[in-house]
Amino acid sequence: MADKEAALKNLEKIKADALAVLEDIANQESLEAWRVSHLGRSSPVMGVFSSMGTLDKDLRPLMGKAANEVRQALETAFEEKRQLMEAQALKKALETEQLDVTLPGRPIAHGRLHPLTQVLRRITRIFGDMGFQVYPSPEVETDDYNFTYLNMPPYHPARDMWDTFYTKTEGVLLRTHTSPGQIRVMRDRAPEPIRAILPGATMRYEQLSARSEIEFAQVEVLVIGENVTFAELKGTLEDFARRLFGEDARTRLRPSHFPFTEPSAEMDVGCFVCGGEGCPVCKETGWLEILGCGMVHPVVLEYGGYDPEKFSGFAAGMGIDRSTLMRYRIDDIRHFRNNDIRFLRQF
Amino acid sequence: MKLPITWLKDYVDIDDLDLEALAKVMTMVGLEVEEIRLVGLPMPSGEKHEFKYTGFSWPKDKFIVAQVDEVMPHPNADRLVLCRLHDGEEEIIVLTGAPNLYEYKGKGALEKPLKVAYAREGSTLYDGHQPGRKLTTLKRMKIRGVESFSMICSEKELGISDAHEGVIILDEDAPTGMPLVDYMGDAVFDVDTLPNMVRDASVLGMAREIAAATGKELKHPNDVFEMTGPSIEGKAAIEIKDPELNPRFVLGLIDGIQIQPSPYWVRRRLNLAGMRPINCIVDATNYVMLELGEPLHAFDYDILLERAGSGTPTIITLTAKDGEKLTTLDGVEHALDSEMELVTDTAGPLSLAGIMGGEESEVNSNTKSVLLEGASWNFINIRKTVSKLKINSEAAYRFSRGVHPALAELGVRLCLKRMHEWGGGRVAKGLIDNYPAPPEDPVVELSATWVNNNLGTAISPQEIAEILGSLEFECKVEGDIITAKTPPHRLEIHTGIIGRADLLEEISRIYGFDKIPSQRLNQPLPPQQVNPYLGMEENLKDLLVNLGLQELIAYRMTSPEREARRFPPDFEVPDQQYVEIQNPITVERRAMRRSILSSMLEILEYNSSLSQRLALFEIGPVFHPVEGQQLPEERMMLSIGMTGLREMPSWQGGEPENLDFYDLKGVVEGMMQGLHIAGVRYQASEHPSFHPGKTAKILIGDWEIGVMGEVHPLVKANYEMEEAPVYAAEIELKPLLEAGSILFDVEAVPTYPFVLEDLAVVVNESVTAAEVEAVMHKGGGDYLAKVQLFDIYRGKQLGEGNKSLAFSLTYNAPDHTLTDKEVSKRRNKIIHLLDEELGAKLRS
Ligand SMILES: [Zn+2]
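Residues numbered from 1 in each chain as written. Chains lettered and ligands numbered in written order. Predicted model: local features only at pLDDT ≥ 70, side-chain atom pairs only at ≥ 80, totals over all residues. Heavy atoms only, no water.

Considering the overall build of chain B
When helices and strands are counted, chain B shows 22 helices and 41 strands. For 844 residues, the compact-globule formula gives about 28 Å, and the C-alpha radius of gyration of chain B, at 42 Å, lies well above that figure. For chain B, the spread of C-alpha atoms along the three principal axes comes to 130 × 75 × 60 Å. Expressed as a percentage of the 844 residues in chain B, the buried residues total 53%. Put simply, of all contacts in chain B between residues at least 6 apart along the chain, 69% involve residues at least 24 apart. (Helix = DSSP H or I, 4+ residues; strand = E, 2+ residues; numbered from the N terminus. Rg over C-alpha atoms; globule rule 2.2 N^0.38 Å. Buried < 20%, exposed > 50% of the residue type's maximum accessible area, 1.4 Å probe, protein only. Contact = heavy atoms within 4.5 Å.)

Structure (structure tokens):
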């Protein structure tokens, strides 16, 4: 019996000693060392198990149970201590680990669409919603398509409106506007009705400066049908302007002259720089000219293969560079084709 | 055209419209007002103005019509005078240095006081002594011991013209004491006249539009006067050789005229309209041209008499002889050709018809008799001459756009009347009028229904007739039908359907675009076209942007020399045809580009020092002339350019590496994958623009669609670029987009676990990774889902000329979990085939 008492007492001591040591442990290494020395293979409690064979057979179950209880108690204490220490460590970490969130992020190498592509896409999307389809057309054109079929026979005064680059091939020029595409679509589609937009590069003979370019992008809009009205031209372009420039955009149509439309008009939109108060961008008028338009001229319909007695239509043409320039208050139109990366990256 | 609005008031009553409202009316009928220059008149009330205003106003209490009663010498200065002036309220002594007052100095009280424009103390006006137009305010000061605080004004100081040699001497009837603004305050509208509205390049023309738009009455100029001289008959003759080129020629004659300055109000109007006053004869022709739109020409009749010898001066209009010479009154000698129309007499050419007079028969200070020409010319012929001789004038501006022959006769009569009023003399009775080709003024018939169907309006036939009537069309209404006869001052109205369109424009413009309703498209949707190419191009751009590339749009215009820079200096550039520009702005941009790679290299060069990393692309056409075809082929191309750092440097340190060939290839592969193009191959290749060892041609199947690689160091040296190597690709777009597919197979996501294993093989340097991969796939069969190269190693222990390639292999079966046995079977087959086909050994 004394053996039993001594053995149980020894177990108690093992437990008490171990817990006392555990209590004071303050770091991971000591905790791990504690686990090895108090729960490891050569720990006192494990020693009890391995010396079990020397005990009386009767005592074995009792001692086994007691030793197991001690071991479990130590394991539980260890686990609690470990969790406590982890919680403390996390708490400390959360308290001490602080980033300077104002430091810049890692730069990601990105690209963007060219600003003109972005604006063009907005325009084509708006017209796309109204059932217009995009048609490509050539940039190097014949004099006939660029002028004659658009009701500007040779020496027509209106030819002066466009300063033209001619090529060394007789009758071939760099198109001065996207309007020759009108004839191409008409000849392709006649006698079906048409709702088309034709985007593309155009070229005009100008001296290059901050305000004038020799190459620029345009979009042509064309509707042909059996009873297309000026009222529809107005409604369609007003819807377009509101969608491009915002719900509150004010517009007005002003008489103008293009040989290939009659009546001809120019559409102004309330200046989005000054809100109509007057500023240098709108030349103090509060209005910005955004497009030219009109009812397709009978001569043009005829050249396109439509009987002007039966068909009518409207057309509009708009410069992308200029309206983008105004929209973003860009100081120099040449930025678009110089492709200065510091400019392009801002869009 | 510059329109002084006091002049406009002669023809239409606009007193109820302020400047702002008037400008708006004009703009909304197509006479766009670009600027309003105040020359005395006050700024319209209201805070918001829709027009740009310049100039300044003359407050009624500051600027006054005054009279100078005596001009006295200055006690201390020869070049200054003291004027005893009365401004209607009090007498003041005003100091001035105006040379045109010297002649009155010391003459005592003047018999006829001089009427002047007087600015009181505190007036703000332009500084006459400074260049340009700078406002200054009159302050009290002493000049050479005499107090000065007010001023007698010059034209420059009031903003009428740039003249400030002398002060303005007003016409005698100017009422002393009247506020100057009430006497001659004005505003000048700068009006942009549309090319089809040359009829409105005149004060009367603009008045007509305003009258029509506002429903007011148009007051025609009074052309009634008495011709008191002997008959013109027998004094001159006209011979027209080609009525097609010269439909009408009218002559009038005035003799005994006094060459003198025109009345001040005339000179002021001409100045404001932008024409320099010369003398009463020249001024009268210019005045009537501005008033009516009919350019006129005055010949010195005595010179013509002399040239005619003993005969009657005979005006002959005909085309020049090739090589004939004429010196116009601007002193320029022109070499003429047989298409150019001339006004001549029996002694030779007098003037370039409708464009400019010749030097010889010009009116001069000794002129006493004037033979006045009013004619009409073929506008296309005038245009050709103008463009060939690069000459321009106010007359040419109008005649090259078409002036109605009816105006020739009216113009001559009005001008004779004004010459007589301003220079005296006797106007010969009658005119000589040769009118071989009167135009037929078109009659257009249109129905109100047609008008409303086209405009989307409901305008009555009567209202349509009224609108056209206000523009002086003669209209008849019968039921729905309006018949309109074109008035004899416009040439741009046609007949038939075009005439109807012409009138539709007139009706809508005067009716008011703002009154036409807005309507959504009420048309059947046209048949939808399939155009996959455009969608694919948009898709491709998005793809490249997502791969980190910036889009460019480059100039199409370049030069062969610029494009030759894409080759090494010793390379023999092939002789290629360009679309060449006949009239380039510079030799640097005299042809349409053939190479999109050139554009890319130029833009890389431009940006080289501006960014440490550049990754760019462009999609656009290049232009290739095609034999036997009028228009060139516009071939769509894609270019990619990359140079500099792989990553942008950041504060986290670490040396970022330069981009290399494989960065470019990664982009190209990413693009091919995104376009779902199968069967893309890359083959080592050579290209003059690229590094011979770092170039690949890109193939889809056997179709070569482009090239990519490191730009040849010698090519790079042609451009001013930073040190880092430059990588570029040039790919034809059409095959790329044709091979791309919007319908493609999607592989099932594996549901059974995969087996991963690494395999390193030692091969000869000549064996490519692609070859090893191909063999692996052959051996691995369907179960080998993926092969990925992850390491390349070269070392002595591998033996000279060998390399080790390490791959990660992924095995997977769609329908079951692979067993070890299944995997090892494939692995063994791979190893066997690698050895057999490529001599590859497993790396131990
Ligand atoms: Zn503005």
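Quick look at the domain arrangement of chain B
Segmentation of chain B into domains returns domain 1 (2-56 + 188-214), domain 2 (59-184), domain 3 (237-434), domain 4 (443-509), domain 5 (532-739) and domain 6 (755-842). Computed from C-alpha coordinates alone, the two centres of domain 4 of chain B and domain 5 of chain B are separated by 58 Å. (Domains from an automatic or database assignment.)

With respect to the sheet that holds strand β40 (residues 802-811) of chain B
Paired through backbone hydrogen bonds, the strands of a sheet run either parallel or antiparallel to each other. Residues and elements named next belong to chain B. Spatially, four strands are ordered β39-β40-β38-β41 in an open sheet, and the strand pairing comes out antiparallel. Two strands bound the open sheet, and with one partner strand each, they are β39 (784-793) and β41 (841-842). Two elements, strand β38 (residues 755-764) and β40, share ten bridges in a ladder whose sense is antiparallel. In the strand pairing of β40, Val-755 is matched with Tyr-811. (Pairing = 2+ DSSP bridges.)

Regarding the interface of chain A and chain B
The partner chain B presents 93 residues to the 105 residues of chain A that form the contact. Together chain A and chain B conceal approximately 8,700 Å² of surface at their shared face, both sides included; 56% is due to carbon and sulfur atoms. Of all residues in chain A, Tyr-155, Arg-195 and Pro-255 of chain A bury the most surface against chain B, accounting for 8% of the area lost on that side. A salt bridge links Arg-520 of chain B to Asp-239 of chain A, with the shortest nitrogen-to-oxygen separation between them at 2.4 Å. Connecting chain A to chain B are 46 residue pairs in polar contact (both at pLDDT 80 or more). Ranked by residue count, the leading element in the side of chain A that touches chain B is helix α8 (residues 230-245) of chain A, at nine residues. A class-by-class count of the residues in the side of chain A that touches chain B yields 43 nonpolar, 28 polar and 34 charged. (Buried area = accessible area lost by both parts, 1.4 Å probe. Salt bridge = Lys/Arg side-chain N within 4 Å of Asp/Glu carboxyl O. Polar contact = N/O pair within 3.5 Å; in protein donor to acceptor, adjacent residues only side chain to side chain. Nonpolar A, V, L, I, M, F, W, Y, C, P; charged D, E, K, R; others polar.)

Topic: the side chain of His-712 of chain B
The residue His-712 of chain B is located in the loop between β36 (703-711) and α19 (713-716) in this model. Sequence-distant contacts of His-712 of chain B, defined by excluding residues within four places in its chain, comprise Pro-688, Ser-689, Phe-690, His-691 and Pro-692 of chain B.

Structural notes on the side chain of Ser-43 of chain A
All names here are of chain A. Structurally, Ser-43 can be placed in the loop between α2 (28-39) and α3 (44-50). Judged by its relative accessible area of 1%, Ser-43 is buried. In terms of polar contacts, Ser-43 uses its side chain to reach the backbone carbonyl oxygen of Gly-40, at 2.6 Å. In this structure Ser-43 touches Val-36, Ser-37 and His-38, once residues within four positions along its chain are discounted.

Structural notes on the nonpolar core
Residues and elements named next belong to chain B. Counting 210 residues, the largest nonpolar core has Met-26, Ile-36, Trp-58, Leu-158, Phe-189 and Met-419 as its most contacted members. Filtering out sequence-adjacent residues up to four positions away, Trp-58 remains in contact with Val-39, Gly-40, Phe-63, Leu-158, Ile-160, Leu-180, Val-181, Met-184 and Gly-185. Judged by nonpolar contacts, the second largest core, of 34 residues, contains Leu-544, Val-668, Met-672 and Ile-700. (Core = buried A, V, L, I, M, F, W, Y, C linked by side-chain atoms within 4.5 Å.)

Some points on the coordination of the zinc ion
Every protein donor of the zinc ion is listed here as Cys-271 of chain A (SG), Cys-274 of chain A (SG), Cys-279 of chain A (SG) and Cys-282 of chain A (SG), and their distances to the metal cover 2.2 to 2.3 Å. For the zinc ion, the four donor atoms in the first shell make angles of 101 to 113 degrees at the metal, so the coordination geometry reads as tetrahedral. (Donors = N, O, S within 2.8 Å, 3.2 Å for Na, K, Ca; no water. Tetrahedral: all angles 85-135°; square planar, octahedral: opposite > 155°, others 65-115°.)

With respect to the environment of Ser-361 of chain B
Residue and element names in this part refer to chain B. Within the secondary structure, Ser-361 is located in the loop between β22 (356-357) and β23 (370-376). With a relative accessible area of 1%, Ser-361 lands in the buried category. Distance in space between the C-alpha atoms of Ser-361 and Glu-836 is 104 Å, their sequence separation being 475 residues. Leave out the neighbours within four places in its chain, and Ser-361 touches Ala-298, Phe-299, Asp-300, Ile-303, Leu-304 and Leu-350.

Points about the pattern of salt bridges
Side chains that carry opposite charge are capable of pairing whenever their charged atoms lie near each other. Counted according to the given criterion, the structure contains 83 salt bridges over all chains. For Arg-562 of chain B, the salt bridge is made with Glu-602 of chain B, and the minimal N-O distance between the two is 2.9 Å. Placement of the pair is Arg-562 of chain B in helix α16 (residues 560-564) and Glu-602 of chain B in helix α17 (residues 596-607), with a sequence separation of 40 residues. For the pair formed by Arg-562 of chain B and Glu-602 of chain B, the shared burial category is buried. Where salt bridges share partners, they join Arg-252, Arg-254, Glu-266, Asp-268 and Glu-289 of chain A together with Lys-24, Glu-32 and Glu-50 of chain B into one cluster.

Structural notes on the sheet that holds strand β14 (residues 237-240) of chain B
All names here are of chain B. Reading across from one edge, β14-β17-β20-β21-β22 is the order of the five strands in this open sheet, with mixed pairing throughout. The open sheet has two edge strands with one neighbour each: β14 and β22. In this sheet, strand β21 (residues 348-352) lies alongside strand β20 (residues 341-345) in antiparallel orientation, the contact comprising four bridges. In the sheet register, Thr-344 faces β21, and the bridge partner there is Pro-349.

With respect to the pairing of strand β7 (residues 261-270) of chain A
Residue and element names in this part refer to chain A. Taken across its ten residues, β7 has ten buried, putting it largely inside the fold. Across the two faces of β7 the burial is the same, with Thr-261, Pro-263, Ala-265, Met-267 and Val-269 and Glu-262, Ser-264, Glu-266, Asp-268 and Gly-270 all buried. Examined bridge by bridge, β7 and strand β8 (residues 287-296) share eight bridges and lie antiparallel to one another. Its bridge partner lying in β8, Ser-264 is registered against Gly-294.

Regarding the domain arrangement of chain A
Domain boundaries assigned for chain A yield domain 1 (2-96) and domain 2 (115-344). Each of domain 1 of chain A and domain 2 of chain A was reduced to a C-alpha centroid, and the two centroids are 89 Å apart.

Regarding the packing of helix α5 (residues 115-129) of chain A against α8 of chain A
Residue and element names in this part refer to chain A. Running from amino to carboxyl end, α5 crosses α8 at an angle of 135 degrees, the nearest separation of the two axes being 10 Å. Taken together, the axes of α5 and α8 lie oblique to each other. The element α5 and its partner α8 pack so that their crossing is right-handed. In this structure, α5 contributes Arg-122, Ile-123, Ile-126, Phe-127 and Asp-129 to the contact, and α8 contributes Thr-236, Leu-237, Phe-240, Arg-243 and Leu-244. By residue class, the composition of the contact of α5 with α8 is six nonpolar, one polar and three charged. (Axes fitted to C-alpha atoms, helices over the stretch in contact; angles between N-to-C directions. Parallel < 35°, antiparallel > 145°, perpendicular 65-115°, else oblique. Left-handed = near helix turned anticlockwise from the far one by under 90°.)

Focus on the pairing of strand β35 (residues 690-700) of chain B
All names here are of chain B. With five bridges joining them, strand β34 (residues 680-684) and β35 adopt antiparallel strand pairing. Bridging from a neighbouring strand, Ala-684 pairs with Ala-696 of β35. Linkage of β34 to β35, two consecutive antiparallel strands, is achieved through a turn of five residues. Inspection of the sheet shows β35 paired to β36 by seven bridges, in the antiparallel sense. Directly across from Lys-697, in β36, lies its bridge partner Val-707.

Observations regarding the packing of aromatic side chains
Residues and elements named next belong to chain A. This structure, assessed with the given rule, holds 23 aromatic pairs over all chains. Ring centres of Phe-343 and Phe-347 lie 5.1 Å apart, and the angle between their planes is 65 degrees; on these two criteria the pair is classed as edge-to-face. Accessibility classification places Phe-343 together with Phe-347 in one group, the buried group. Taken together, the ring pairs connect Tyr-328, Phe-336, Phe-343 and Phe-347 into an aromatic cluster. (Phe/Tyr/Trp six-rings, centres within 6.5 Å; stacked < 30°, edge-to-face > 60°.)

A short note on unusual backbone geometry
Residues and elements named next belong to chain A. Omega for the bond connecting Ala-190 with Pro-191 falls within 30 degrees of zero, at 0 degrees, which places this linkage in the cis form. Relative to the helices and strands, Pro-191 resides in the loop between α7 (180-189) and β4 (194-203). Between Glu-262 and Pro-263 the backbone carries a cis peptide bond, its omega angle lying at -5 degrees. Mapped onto the elements of the fold, Pro-263 is located in strand β7. Although it is not a glycine, Arg-329 sits at a positive phi angle of roughly 50 degrees.

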